[in-house]
Amino acid sequence: MATVKNLNNFPFAAIIGQEEMKLALQLNVIDPKIGGVMIMGDRGTGKSTTIRALADLLPDITIIKNDPFNTDPKGLATQYETEEIKIPMVELPLGATEDRVCGTINLKEVLSGGSSTFEPGLLARANRGLLYVDEINLLDDHLVDVLLDSAASGWNTVEREGISIKHPAKFILVGSGNPEEGELRPQLLDRFGMHAEIRTIREPNLRVKIVEERMSFDQSPEEWFEKYEKEQFAIQDRIVRAQNSLSKVTINKDFQLKISQVCSELEIEGLRGDIVSTRAAKALAAFEGREEVTVDDIRRTITLCLRHRLRRDPMESISTGDKTGAVFEKIFSESVI
């Protein structure tokens, strides 16, 4: 089992509150095909802290030694020297250029017959890991499109002057931002699997506890990791078990029909909402150690999967989350809970 200790980052097991965000992140790790997470919320609510903590928690991966693409040697015909590394956690700077993100082709080297023709970018480093973009709503739409395309296809293609290079880029895309600074375009937002909303904790006693815990961690991180070590390993083990059992999880056909009824009544365009809601419910069932999806699994995940796909009416007072919940209760009310 991999280490879960990085003295620079707060332990995942010690994070108080923000259950929506933590659940969405863990479900995407269990099933990366959910399609990533968009986290919108107030500044200083622990978005970056939580994402870094999750990356520290995940098991190590085996790669071909010194490979810039973190290639998995499993199943390859040729035998390579391997090494174990922490799962990649790449943070995309807001001012990053497309060359920095995708990589560059060295035309001079190509024309002179050299072999070192491609300089890998951040997408190569993120392969088999997490790619985190803070303030993604301020990032150029074209770059967001590139990230989403790579996350969905699992490949990055760089083309220049008739030369094309393609490499694997399978990663979980996590974006965060402050809604006061603007949302992503609906076409881009829809392509994120889940959307978590987080707010500043208002309860004074809970705020005091969070401050005390953070100050205590900063003073003696080693003691803190000893305190939470068992919980850290328990969460890691639970995630690994869920990943291994996910293929065995089933969902009742009637539940699938009701999920589609919810999407239809909410007038959600396309079928991404139906697919992601089903995947998230199955991932939660696996996380809870079950092989069959329950109504509660769907209840706990469907808002995360649909709220950002709703058409926004500025005249409506009800939030998209409340609207999704109301339609869910109406359609699933006939099911046995």
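This text goes with the structure placed above it.
About the cut-offs
- Numbering of residues begins from 1 in every chain and follows the order in which that chain's sequence is written.
- Reporting in this predicted model follows two pLDDT cut-offs: at least 70 for local features of residues, and 80 or more for side-chain atom pairs to be given and counted; totals over whole chains, interfaces and linings ignore these cut-offs and use all residues.
- Excluding hydrogens and water, the side-chain figures rest on all heavy atoms present in the structure.
- Helix and strand labels come from DSSP, where a helix needs a run of H or I of at least four residues and a strand needs a run of E of at least two; each type is numbered from the N terminus.
- For a compact globule the rule gives 2.2 Å times the number of residues to the power 0.38, and the radius of gyration it is set against comes from C-alpha atoms.
- Note on exposure labels: buried denotes an accessible area under 20% of the residue type's maximum, exposed denotes more than 50%, and partly exposed covers the range between, all computed with a 1.4 Å probe on protein chains only.
- In what follows, residue pairs with any heavy atoms lying within 4.5 Å of each other are defined as contacts.
- Each accessible area is a Shrake-Rupley estimate made with a 1.4 Å probe; only the visible protein chains count as cover when residues are assessed.
- Positive charges come from Lys and Arg alone, negative charges from Asp and Glu alone, with His and the N- and C-terminal ends not counted.
- Every charge is mapped onto a representative atom, which is NZ of Lys, CZ of Arg, CG of Asp or CD of Glu.
- Axis angles are defined between N-to-C directions and span 0 to 180 degrees, where every axis is a line fitted to C-alpha atoms and, for a helix, only to the segment in contact.
- Two helices cross in a left-handed way if the nearer one is turned anticlockwise from the farther one by less than a right angle. They cross in a right-handed way if the turn is clockwise.
- Think of it as three bins: nonpolar holds Ala, Val, Leu, Ile, Met, Phe, Trp, Tyr, Cys and Pro, charged holds Asp, Glu, Lys and Arg, and polar takes everything else, Gly as well.
- By nonpolar core we mean a set of buried residues, namely Ala, Val, Leu, Ile, Met, Phe, Trp, Tyr and Cys, connected to one another through side-chain atoms within 4.5 Å.
- Any Lys or Arg side-chain nitrogen located within 4 Å of an Asp or Glu carboxyl oxygen qualifies as a salt bridge.
- When DSSP finds two or more bridges between two strands, those strands count as paired.
- Here the expected length of a helix is defined as 1.5 Å per residue gap, with one fewer gap than residues.
- Axes are fitted to the seven residues ending at a residue and to the seven starting at it; the angle between these axes is taken as the bend at that residue.

Undergrad: Any chance you could explain the overall build of the protein here in plain terms?
TA: Assigned secondary structure in the protein consists of 13 helices and eleven strands. The C-alpha radius of gyration of the protein comes to 21 Å, within 12% of the 20 Å expected for a compact globule of 337 residues. Projecting the C-alpha coordinates of the protein onto the three principal axes gives extents of approximately 70 × 50 × 40 Å. For the protein, buried positions account for 47% of its 337 residues. Of the contacts made within the protein by residues no fewer than 6 positions apart, 74% connect residues no fewer than 24 positions apart. For the protein, the accessible area works out to roughly 17,300 Å², and carbon and sulfur atoms hold 48% of it. Seen as two clouds, the 42 positive and the 54 negative side-chain charges of the protein have centres 2 Å apart.

Undergrad: How do you make sense of the side chain of Thr303 when you look at a structure like this?
TA: Along the chain, Thr303 turns up in helix H12 (residues 295–306). Since its relative accessible area comes to 16%, Thr303 is described here as buried. Thr303 has contacts with Gly321, Thr324 and Gly325, leaving out every residue within four places of it along the chain.

Undergrad: Could you clarify how one ought to interpret the environment of Arg214 in this entry?
TA: Among the structural elements, Arg214 can be located in helix H8 (residues 204–219). Distance in space between the C-alpha atoms of Arg214 and Ile15 is 9.4 Å, their sequence separation being 199 residues. If near-sequence neighbours (up to four positions away) are discounted, Arg214 is found in contact with Phe10 and Thr49.

Undergrad: How should the environment of Ala14 be read in this particular structure?
TA: Checked against the element boundaries, Ala14 lands in the segment before helix H1 (19–30). Note on Ala14: relative accessible area 4%, which makes it buried. Spatially, the C-alpha atom of Ala14 lies 9.4 Å from that of Lys227, the residues being 213 residues apart in sequence. Discounting chain neighbours no more than four positions away, the residues touching Ala14 are Glu213, Trp224 and Tyr228.

Undergrad: How should I be thinking about the packing of H1 against helix H2 (residues 47–57) in this particular structure?
TA: Each pair of packed helices can be summarised by the angle the axes make with each other and by the distance between the axes. Between H1 and H2, whose axes approach to 11 Å, the crossing angle comes to 35°. Considering how the two elements wind past one another, H1 and H2 form a crossing that is right-handed. Counted together, Met21, Lys22, Leu25, Gln26 and Val29 of H1 and Lys47, Thr50, Ile51 and Leu54 of H2 form the full contact between these two elements. Here the residues of the contact of H1 with H2 are counted per class, giving five nonpolar, two polar and two charged.

Undergrad: Help me understand the nonpolar core, please; the structure alone is not making it clear to me.
TA: The nonpolar side chains of soluble globular proteins are, as a tendency, buried together. Residues Ile39, Met194, Ile298, Leu306 and Phe332 are the most contacted members of the largest nonpolar core, which totals 64 residues. Not counting residues within four places of it along the chain, the set of residues in contact with Phe332 comprises Phe255, Lys258, Ile259, Val262, Val295 and Ile298. Among the nonpolar cores identified, the runner-up in size contains 32 residues, and Phe69, Leu123, Ala126 and Phe192 belong to it.

Undergrad: Mind showing me how you'd approach the pattern of salt bridges here?
TA: Any two side chains of opposite charge can pair, so long as their charged atoms come close to each other. What the rule picks out here adds up to 22 salt bridges. With a shortest N-O distance of 3.2 Å, Glu288 and Arg238 are connected by a salt bridge. Of this pair, Glu288 sits in the loop between helix H11 (272–287) and H12 while Arg238 sits in helix H9 (residues 221–245), and the two are 50 residues apart along the sequence. The exposure class of Glu288 is partly exposed, given its relative accessible area of 32%.

Undergrad: Help me understand unusual backbone geometry, please; the structure alone is not making it clear to me.
TA: Negative phi is the rule for most residues except glycine; trans is the rule for most peptide bonds. A positive phi is found at Glu135, a non-glycine position, where the angle reads about 55°. Mapped onto the elements, Glu135 comes out in the loop between strand S7 (129–134) and helix H6 (141–153). Although it is not a glycine, Glu267 adopts a positive phi angle of roughly 60°. Relative to the helices and strands, Glu267 resides in the loop between helix H10 (253–265) and H11.

Undergrad: Is there a simple way to think about the sheet that holds strand S4 (residues 89–91) in this case?
TA: Either a parallel or an antiparallel arrangement is found when strands of a sheet pair, and the pairing is made through backbone hydrogen bonds. On the basis of which strands lie adjacent, the open sheet formed by five strands has the order S4-S7-S10-S1-S11 and parallel pairing. Each of the sheet's edge strands pairs with one partner strand only, and the pair in question is S4 and strand S11 (194–198). On average, each strand axis in the sheet is inclined to that of its neighbour by 20°, with strand direction left out of account. Pairing of strand S1 (residues 37–41) with strand S10 (residues 171–177) involves four bridges; the strand directions are parallel. Bridge pairing links Val37 to Val174 in S10. Of the strands in this sheet, S1, S4, S7, S10 and S11 are in contact with H2, which crosses S7 at around 170°.

Undergrad: Can you walk me through H12 in this structure?
TA: Residues lying three or four places apart along an α-helix face the same way, a consequence of the helix completing one turn every 3.6 residues. For H12, which comprises twelve residues, the first-to-last C-alpha distance of 16 Å matches the rise-based estimate of 16 Å (1.5 Å per residue) to within 8%. Of all the twelve residues making up H12, nine are buried; the element is thus mostly covered by neighbouring parts of the structure. Buried within H12 we find Val295, Asp297, Ile298, Thr301, Ile302, Thr303, Leu304, Cys305 and Leu306.

Undergrad: What is the right way to look at H9 in this model?
TA: Over its 25 residues, H9 runs 34 Å from end to end, which matches the ideal 36 Å to within 8%, given 1.5 Å per residue. By the largest-angle criterion, Tyr228 marks the main kink of H9, which is about 55°. Taken as a whole, H9 has its buried residues at Trp224, Phe225, Tyr228, Gln232, Ile235, Gln236, Ile239, Ala242 and Ser245.

In short, shape yes, function no, at least from these values alone.
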